[in-house]
Amino acid sequence: MVSPLYSCISTLNMENFHSSLFLLFLPLLPLLVSCSERQVYIVYFGEHSGEKTLQQIEENHHSYLLSVKETEEDAKSSLVYSYKRTINGFAALLTPLEASTLSKMEEVVSVFRSHPRKYEIHTTRSWEFAGVEEAIKKSANLKGEDIWLKSSYGKDVVVGLLDNGVWPESKSFNDKGMAPVPKSWKGICQTGDEFNSSNCNKKIIGARYYIKGYEAYYGPLNRSLDYLSPRDKDGHGTHTSSTAAGRRVDDISALGGFASGTASGGAPLARLAIYKVCWAVPGRGKEEGNTCFEEDMLAAIDDAVADGVDVLSISIGTSRPQPFSQDGIAIGALHAVKRNVVVACSAGNSGPAPSTLSNTAPWIITVAASSVDRIFSSPAVLGNGMKLPGQTVTPYKLRKKLYPLVYAGQVANPDVPKNLSGQCLPGTLSSKKAKGKIVMCLRGNGTRVGKGMEVKRAGGIGFILGNSLANGDELVADAHILPATAVNYRNGLKIMDYIRSSKSPTAYIVPGKTVLDIKPAPFMAAFSSRGPSALSPDILKPDITAPGLNILAAWSEASSPTKLEADKRVVKYNILSGTSMSCPHIGGASALLKAIHPRWSSAAIRSALITSAGLNNNQGSMITDASGNSADPFQFGGGHFRPAKAADPGLVYDASYTDYLLYLCSIGVKIDTTFTCPKHSVGPVNLNYPSLAVPNLRDSVTVVRTVTNVGGSKSTYFVSVKPPLGISVKIWPPILYFNRVGEKKSFTITVKVVVGGIAGTAEKQKYGFGWYTWSDGIHSVRSPMAVSVA
């Protein structure tokens, strides 16, 4: 499909245009303007009635297009997708006027325009750190407690990945010893560039790609940039897929032998279904990320649910918050959840600023990112004898001696603005000044690996990457193309002070090595987006955190470890960071819980994960941020995921599709036209969520929660409360008695401002945090609270 503007111009009668350019161009201007305004819009109707065939649904969509188009042919050619399996709607090339006309029709829920950069990808030891592998090591004392054995390693649960494809030849996707594909599976193995039906197997049981939205904007795919098939030319999709459900593979490591050991996904015997929706951006390097069009993602979710996936892992999000009725992921996820598909999404990489979260709909598990207990140590040794810790996964090493050390700003070209001179951006360094030196670069603008490439271009022999204040102690290890290390903010300042105070500063970069059992861990990654939710402050987000910093997983052999075009290295496994990496950890954990509890709802699985999560690091202290300060639920939600605990949570907070519609009614959003909102809806804070957020509390508020017993048949739970400072929290009744599994009990939570407490001194809308916990002596069902005072 060619771009809409190109298509329009090519249909004009342009013969002899050159002979009377000006006279002809004037009357064509309105047509050209009209053509250039044609963009892809998504027209959303909500739920299907269930009374029409697929053909009748598409014909109905066509009739809407025909009502705003001049001809039958124009209506047909403008249709990009007809969503007719689980989602009711279509994507089409429309002018703003046509889109506005459709939006006013009674049956239409919403009409919203597709944007090329609205969505983006949010870009091993981690499972052992989560406790999943721990019991394997103690097999003599298993007693049925290991979650992998309980779940049969996620056997036959289908995990769907929306990403940029897969490298099927990776050992992480071998199907040795796996049973035949479940008969319930309805998906396909779509062929294309370098991808045929043999690339699917009993592990990768389905693969599709979606590009109509991308090509409607950019024109036909440049096949040198990406494969027109489910094959991954980037690496991101292969990484997330293997993290969620890759097989156990022994004796692997990243380039240079880092992180050597056994790689495994969370659910090694789960099936994978690949839905490629993200593509290379023309004119931009792969290291800067792909783009994902929501009309393509909606088509993928529509198919995935109908194909029979049990879990969807989506490491994609918006660059800024979008209303639920205009957010393709939120809409698609709601339809998936109605059919009991668990949907996990990345929280975003826009931290540490507050209210930067993506994917905050309450029917989605929103996943933050934290560290594991492993580093890749590579200290920087200064000429004054100071040895400063750093991290790297570059395989390149310096001869053991001191080299001249400079700050990038000292060797920048004279035309580089002063505020950018220390950033090592492409083309900014002087080859004459940087040659043979170790260059100190600062984080900020540009990519980390791109800075290393610039130092190498300028003849530098190595480089040190200094964190910004916002990055704190979080060190992202990259496979740079020259000797390099990354240091935290404080040590970066020390290096800068040394350079300024020394006449001939020198340094040496110690080759990197893998170090395990690092303390404290986990800590929250500085890049991880934070709450409160800008769209739904009555829902505490994110929900949970999982490993997302320096994660090893499978990689595309059509990409390099840095993704830089000039980097010609090929690797089978690579280390990457982002909430893109933490999200599939929850996808894999959800698959394990689905295998153990196949009848649990997606809400029950989310509840089990949140209420069983851990608050402490491996030193027994509260989880901190990347700078060592105490973290809070707006960073980690319920805490760090503990899948083994989540398998037996005791109680769960369940919620249905109807509950989500009632929640939407309470915030004035209508997504399902078949549902009638009550005249007097309860407030959004009353959604039966496993956490509590109360923004702008003036005096007091009382909410209701309901728990379902999934533990012992006869059990008694007592409540304990740790309220936010200056806030009173009363729960009634304080004791819950259960006589059978599946029994439900409700309780009220009254949150009240304490006179003379925080309300009198706190800044307006400043949040305090606390927890309430139900315990029967075996299970601790803990829920986080966030309360701000008006």
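Residues numbered from 1 in each chain as written. Predicted model: local features only at pLDDT ≥ 70, side-chain atom pairs only at ≥ 80, totals over all residues. Heavy atoms only, no water.

Undergrad: Is there a simple way to think about the overall build of the chain in this case?
TA: Counting its regular elements, the chain contains 20 helices and 37 strands. Computed over the C-alpha atoms, the radius of gyration of the chain is 27 Å, within 12% of the 28 Å expected from 2.2 N^0.38 for a compact globule of 790 residues. Referenced to the eigenvectors of the C-alpha coordinate spread, the extents of the chain come out at roughly 85 × 75 × 65 Å. Looking at the chain as a whole, 59% of its 790 residues qualify as buried. When the accessible surface of the chain is summed, it comes to about 30,800 Å², and 52% of that surface belongs to carbon and sulfur atoms. The positive charge centre, built from 83 side chains, and the negative charge centre, built from 64, are 9 Å apart in the chain. (Helix = DSSP H or I, 4+ residues; strand = E, 2+ residues; numbered from the N terminus. Rg over C-alpha atoms; globule rule 2.2 N^0.38 Å. Buried < 20%, exposed > 50% of the residue type's maximum accessible area, 1.4 Å probe, protein only. Areas by Shrake-Rupley, 256 points an atom, 1.4 Å probe, with all protein chains shown as cover. Lys, Arg positive; Asp, Glu negative; His and termini not counted. Charge placed at Lys NZ, Arg CZ, Asp CG, Glu CD.)

Undergrad: What is the right way to look at the packing of aromatic side chains in this model?
TA: We describe a pair of aromatic rings using the distance from one ring centre to the other and the angle between the two ring planes. Taken as a whole, this structure holds 20 aromatic pairs when the rule is applied. Aromatic pair Tyr217 and Tyr218: ring centres 4.8 Å apart, planes at 85°, arrangement edge-to-face. Geometrically, the ring pair formed by Phe634 and Phe769 is edge-to-face, given 5.1 Å between the ring centres and 90° between the ring planes. Highlighted residues: Phe634 in helix α18 (residues 633–636) and Phe769 in strand β36 (residues 767–775), separated in sequence by 135 residues. The exposure class assigned to Phe634 is buried, which follows from its relative accessible area of 7%. A network of ring pairs unites the aromatic residues Tyr209, Tyr214, Tyr217, Tyr218, Trp279 and Phe293 as a single cluster. Taking NZ or CZ as reference, Arg231 lies 4.6 Å from the ring centre of Trp167, over its face. Its end group placed over the ring of Tyr227, Lys233 keeps NZ or CZ at 5.0 Å from the ring centre. (Phe/Tyr/Trp six-rings, centres within 6.5 Å; stacked < 30°, edge-to-face > 60°. Lys NZ or Arg CZ within 6 Å of the ring centre and 35° of its normal.)

Undergrad: Explanation requested: the sheet that holds strand β24 (residues 506–509) in the structure shown.
TA: If you walk across this open sheet you meet the 7 strands as β19-β18-β24-β20-β21-β22-β23, and the pairing is mixed. Two strands close off the open sheet at either side, each with one partner strand: β19 (387–388) and β23 (484–487). Here strand β18 (residues 380–382) pairs with β24 via 3 bridges, running antiparallel. Note that in β24 the partner of Val381 across the bridge is Tyr508. Contacts from helix α14 (residues 448–457) reach β21 (438–442) and β22 (462–466) within the one sheet, and its direction differs from that of β22 by about 145°. Helix α15 (residues 489–501) rests against β18, β19, β20 (403–407), β21, β22, β23 and β24 of the sheet, and its axis sits at about 105° to β20. (Pairing = 2+ DSSP bridges. Contact = heavy atoms within 4.5 Å. Axes fitted to C-alpha atoms, helices over the stretch in contact; angles between N-to-C directions.)

Undergrad: For this particular structure, what's the right way to read the state of the cysteines?
TA: Simply put, the disulfide is a covalent bond whose two ends are the sulfur atoms of two cysteines. Applying the stated criterion across every chain yields a total of 4 disulfides. Through a disulfide, Cys278 is tied to Cys292; the S-S separation comes to 2.1 Å. On the sign convention where negative means left-handed, the S-S torsion of about 105° between Cys278 and Cys292 marks this disulfide as right-handed. On the criterion of sequence distance, the pair formed by Cys278 in strand β11 (residues 278–279) and Cys292 in strand β12 (residues 291–292) is long-range, its members being 14 residues apart. Each member of the pair Cys278 and Cys292 is classed as buried. The partner cysteine of Cys424 in its disulfide is Cys441, sulfur to sulfur 2.0 Å. (Disulfide = S-S within 2.5 Å.)

Undergrad: Explain the nonpolar core to me, please; I cannot follow it from the model alone.
TA: Across soluble globular proteins, nonpolar side chains have a tendency to be buried as a group. Counting 62 residues, the largest nonpolar core has Leu162, Tyr275, Val309, Leu312, Ile316, Val343 and Trp363 as the members making the most contacts within it. Residues Ala244, Ala604, Ala608 and Ala613 belong to the second largest nonpolar core, which totals 40 residues. (Core = buried A, V, L, I, M, F, W, Y, C linked by side-chain atoms within 4.5 Å.)

Undergrad: Sorry, what's going on with the environment of Ala646 here?
TA: Structurally, Ala646 is set in helix α19 (residues 643–646). Ala646 sits in the buried class, given a relative accessible area of 0%. Placed 57 residues apart in sequence, Ala646 and Ala589 show a C-alpha to C-alpha distance of 8.9 Å.

Undergrad: Would you mind showing me how to read the pattern of salt bridges here?
TA: When their charged atoms lie close together, side chains carrying opposite charge are able to pair. Taken as a whole, this structure holds 24 salt bridges when the rule is applied. Arg85 serves as the salt-bridge partner of Asp303, at 2.9 Å between the closest nitrogen and oxygen. Residue Asp473 pairs with Arg490 through a salt bridge whose shortest N-O separation is 3.4 Å. Note that Asp473 is positioned in the loop between β22 and β23 and Arg490 in helix α15, a separation of 17 residues in sequence. On the accessibility criterion, Asp473 (24% relative accessible area) is partly exposed. With a relative accessible area of 47%, Arg490 lands in the partly exposed category. The network of salt bridges with shared partners includes Arg85, Arg208, Asp303 and Asp307. (Salt bridge = Lys/Arg side-chain N within 4 Å of Asp/Glu carboxyl O.)

Undergrad: How should helix α12 (residues 328–338) be read in this particular structure?
TA: Each α-helix turn comprises 3.6 residues. Residues three or four places apart therefore point the same way. In terms of residue burial, α12 counts as a mostly covered element, since 10 of its 11 residues are buried. Among all positions in α12, only Gly328, Ile329, Ala330, Ile331, Gly332, Ala333, Leu334, His335, Ala336 and Val337 are buried. Backbone geometry just downstream of α12 places Asn340 in the positive-phi region, at approximately 65°.

Undergrad: In this structure, what is going on with the sheet that holds strand β32 (residues 715–722)? I would like to understand it.
TA: What links the strands of a sheet is backbone hydrogen bonding, and the strands pair in either a parallel or an antiparallel sense. Read from one edge of the open sheet, 5 strands run β30-β37-β36-β32-β34, paired in mixed fashion. Each end of this open sheet is capped by a strand with a single partner; those strands are β30 (692–697) and β34 (735–738). Put simply, the sheet's adjacent strands are angled 20° from each other on average, direction ignored. Pairing geometry for β32 and β36, over 5 bridges, is antiparallel. Considered in β36, the bridge of Val721 is made with Tyr772.

Undergrad: Just checking my understanding: could you explain the packing of helix α10 (residues 236–245) against helix α16 (residues 579–596) for this structure?
TA: Geometrically, a packed helix pair is captured by the angle between its two axes and the distance between the axes. With their axes 7 Å apart at the nearest point, α10 and α16 run at an angle of 35° to one another. The hand of the α10/α16 crossing is right-handed. On the side of α10, the interface is formed by His236, His239, Thr240, Thr243 and Ala244, while α16 contributes Ser580, Met581, Pro584, His585 and Gly588. Among the residues forming the contact of α10 with α16, the class breakdown is 3 nonpolar, 7 polar and no charged. (Left-handed = near helix turned anticlockwise from the far one by under 90°. Nonpolar A, V, L, I, M, F, W, Y, C, P; charged D, E, K, R; others polar.)

Undergrad: I tried to follow helix α17 (residues 602–611) on my own but got confused; where do I start?
TA: Taking burial as the measure, the 10 residues of α17 include 10 buried ones, the bulk of the element. Buried within α17 we find Ser602, Ala603, Ala604, Ile605, Arg606, Ser607, Ala608, Leu609, Ile610 and Thr611.

Undergrad: Explain the confidence of the model for the chain here, please?
TA: Interpretation of the predicted coordinates at a detailed level should be avoided for regions scoring low in pLDDT. Here the chain averages 91 in pLDDT, and 91% of its residues register 70 or above. A low-confidence stretch, residues 134–145 stays under pLDDT 50, and its non-local contacts, those more than four residues away or across chains, total 9 contacts. (pLDDT = per-residue confidence, 0-100.)

Undergrad: So what exactly am I meant to see when it comes to the pairing of strand β35 (residues 744–753) here?
TA: Taken residue by residue, a regular strand's side chains alternate between the two faces of the sheet. In this sheet, β35 lies alongside strand β31 (residues 700–709) in antiparallel orientation, the contact comprising 9 bridges. Looking across to β35, one finds that Thr702 is bridged to Thr750. Strand direction decides the pairing type here: strand β33 (residues 727–732) and β35, joined by 6 bridges, are antiparallel. Residue pairing across strands places Ile727 opposite Val753, the latter belonging to β35.

Undergrad: Looking at this structure, I do not really get the environment of Thr674. What am I missing?
TA: Note on placement: Thr674 falls in the loop between α20 (657–666) and β30. Residue classification places Thr674 among the exposed positions, given a relative accessible area of 55%. A polar contact is formed between the side chain of Thr674 and the side chain of Asp672, at a distance of 2.6 Å. (Polar contact = N/O pair within 3.5 Å; in protein donor to acceptor, adjacent residues only side chain to side chain.)

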